[in-house]
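As a plain string of letters, each chain reads:
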Amino acid sequence: MIEKIWFENHPLKYLLWPLLWPLSLIFSSISQKRRRAYQSGEKTSYRAPVPVVIVGNITAGGNGKTPVVIWLVEKLQSLGYSPGVVSRGYGAKAPQYPLVVDDATTPKHCGDEPKLIFKRTGAPVAVSPVRSEAVEALLPMGVDIIITDDGLQHYALQRDIEIAVVDGKRRFGNQCLLPLGPLRETVNRLEEVDLIITNGGQARAGEAPMTLEPALAVNMRTKQQVSVSELPELVAMAGIGHPPRFFATLKQLQASLVFTQGFADHKDFEPSQLEALAERGKHLIMTEKDAVKCADYAQDNWWYLPVTANFPLENEQHILKTIQEVKERYGSSST
């Protein structure tokens, strides 16, 4: 319901306004004071010996940050760099921090997004609530660029490039700060970032348009790949920031959907819960992010749909050139 207030101008906002508006003012005051403390040097921040690229947003919820991180890592690897990724590991609890992700690391320990990034790219990934600790854990592994999955508001870590990802369809909702609206910082904050990437919808002047291009559906047991349209009586589920985006993608692919179920972002599923859901149709399909949490108990008729960030060539070149120019100031190992 809260997202309906944020993004759909639901009438309930008039009832909740007296409660949420004062809380929003308090949130604004605290966040601005905290940022000023880092900017003035009152609070100390960490400067890494390699470039740090922040991929974040100013709104709560999923905007497509993780596909951008994966795209960046893969592009930089193809250019001869050795990027590493740091993350908060939201929704997870590690035995100790910092935690360097490997094949044996479970999403319960590192989080679904760090595990997905590691599986897709093979790049070094570390998680910690204190991101400077995650950076330091990766430095001995030979990384020469750090990409952060989220963290635009984590001012304890200094950054060289800020990339803000915007939901091109929902934009900024009612443009109010949490909890009255979806904003972590005001829209004016975007004037200070280096690059704005707009996921779907219509990109505005100065924004790089991005689309998420789906691939073939992948069977979670056999790794067989088929077109989504070939799977009859499909039940779709998504535990991401904005599940309707995933369901809309499936409809665009002419999926034979019989039921859809959205869950909270980073949802920790119970096997019985998904088994019951799968019984509503002949096949169950989910996002790749959800699949990393369900791989150990997946059934033969469970699938996931990978997506890849895609940019117009000129925007792709501009993004990579911006990072390369910063890297050159540090000293480049690229060939």
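Because the structure is a prediction, the values reported are computed rather than measured. Here, residues in each chain are numbered from 1, in the same order as that chain's written sequence. Where totals are concerned, whole chains, interfaces and linings use all residues; where local detail is concerned, this predicted model gives features only for residues with pLDDT of at least 70, and gives and counts side-chain atom pairs only at 80 or more. To get the side-chain values, all heavy atoms of the structure are used, and hydrogens and water are removed first.

**Some details on the overall build of the chain**
- Counting its regular elements, the chain contains 10 helices and 15 strands.
- Radius of gyration means the value over C-alpha atoms here, while the globule rule gives 2.2 Å times the residue count to the 0.38 power. In summary, the chain has a C-alpha radius of gyration of 20 Å against a globular reference of 20 Å for 335 residues, a match within 12%.
- Along the first, second and third principal axes, the C-alpha set of the chain runs to 60 × 55 × 45 Å.
- A simple rule labels every residue: compare its accessible area, found with a 1.4 Å probe on the protein chains alone, to the largest value its type can have, and call it buried under 20%, exposed over 50%, or partly exposed in between. Residues counted as buried form 51% of the 335 residues belonging to the chain.
- Here a residue-residue contact requires only that any non-hydrogen atoms of the pair lie within 4.5 Å. For the chain, the proportion of contacts with a sequence separation of at least 24, taken over those separated by at least 6, is 73%.
- Total accessible area computed for the chain in this model is approximately 15,700 Å², and 51% of it derives from carbon and sulfur atoms. In this text, helices come from DSSP runs of H or I with a minimum length of four residues, and strands from runs of E with a minimum of two, each type numbered from the N-terminal end. Computed with a 1.4 Å probe, the accessible areas rest on the Shrake-Rupley method; for each residue, only the protein chains presented here act as cover.

**Notes on the sheet that holds strand β8 (residues 207-214)**
- When DSSP finds at least two bridges between two strands, those strands are taken to pair. The mixed open sheet is built from 9 strands, whose spatial order is β3-β4-β2-β5-β1-β6-β7-β8-β15. Across the chains shown, the open sheet's two edge strands, defined by having one partner strand only, are β3 (99-100) and β15 (307-310).

**Observations regarding the environment of L180**
- Along the chain, the position of L180 falls in the loop between β6 (161-167) and β7 (195-199).
- Looking at L180, the relative accessible area reads 2%, which means it is buried.
- Sequence-distant contacts of L180, defined by excluding residues within four places in its chain, comprise I5, W6, W17, L20, W21, S24 and N174.

**With respect to the packing of helix α3 (residues 65-78) against helix α5 (residues 112-121)**
- The geometry of α3 relative to α5 is characterised by a closest axis approach of 10 Å and an angle of 30° between their N-to-C directions. Between α3 and α5, the angle falls in the class roughly parallel. In the packing of α3 onto α5, the handedness of the crossing is right-handed. Across the interface between the two elements, T66, V69, I70, V73, E74 and Q77 from α3 touch E113, L116, I117, R120 and T121 from α5. Angular values range over 0 to 180 degrees, each being the angle between N-to-C directions of two axes fitted as lines to C-alpha atoms, with helices fitted over their stretch in contact. Geometric relationships in this document are graded by angle, where less than 35 degrees denotes roughly parallel, more than 145 denotes roughly antiparallel, 65 to 115 denotes roughly perpendicular, and other angles denote oblique. Handedness of a crossing is defined here by the sense of rotation of the near helix relative to the far one, left-handed for an anticlockwise turn of less than a right angle and right-handed for a clockwise turn.

**Let's talk about the UniProt feature "binding site: ATP" (unreviewed entry) in the chain**
- UniProt positions are given in the numbering used here, feature names are shortened, and annotations may be inferred rather than shown by experiment. According to UniProt, the "binding site: ATP" (unreviewed entry) feature falls on T59, A60, G61, G62, N63, G64, K65 and T66.
- Among the structural elements, G62 can be located in the loop between β1 (52-56) and α3.
- Among residues more than four places away in sequence, those in contact with G62 are R170, G241, H242 and R245.
- Here G64 lies in the loop between β1 and α3.
- Assessed through its relative accessible area of 12%, G64 is described here as buried.

**What to know about the pattern of salt bridges**
- Counted as salt bridges are all cases of a side-chain nitrogen of Lys or Arg within 4 Å of a carboxyl oxygen of Asp or Glu. Applying the stated rule across the entire model yields 20 salt bridges.
- A single salt-bridge network, built from bridges that share partners, covers R35, R159, E162, E185, R189 and E192.

**Details of the packing of α3 against helix α10 (residues 313-330)**
- Contact geometry for α3 and α10: axes closest at 11 Å, N-to-C directions at 70°. Considered as vectors, α3 and α10 are oriented roughly perpendicular to each other. Between α3, through W71, L72, K75 and L76, and α10, the contact on the second element is made entirely by E316, I319, L320 and I323.
- Residue composition of the contact of α3 with α10, grouped by class: 6 nonpolar, no polar and 2 charged. Gly is placed with the polar residues, together with every amino acid not listed as nonpolar (Ala, Val, Leu, Ile, Met, Phe, Trp, Tyr, Cys and Pro) or charged (Asp, Glu, Lys and Arg).

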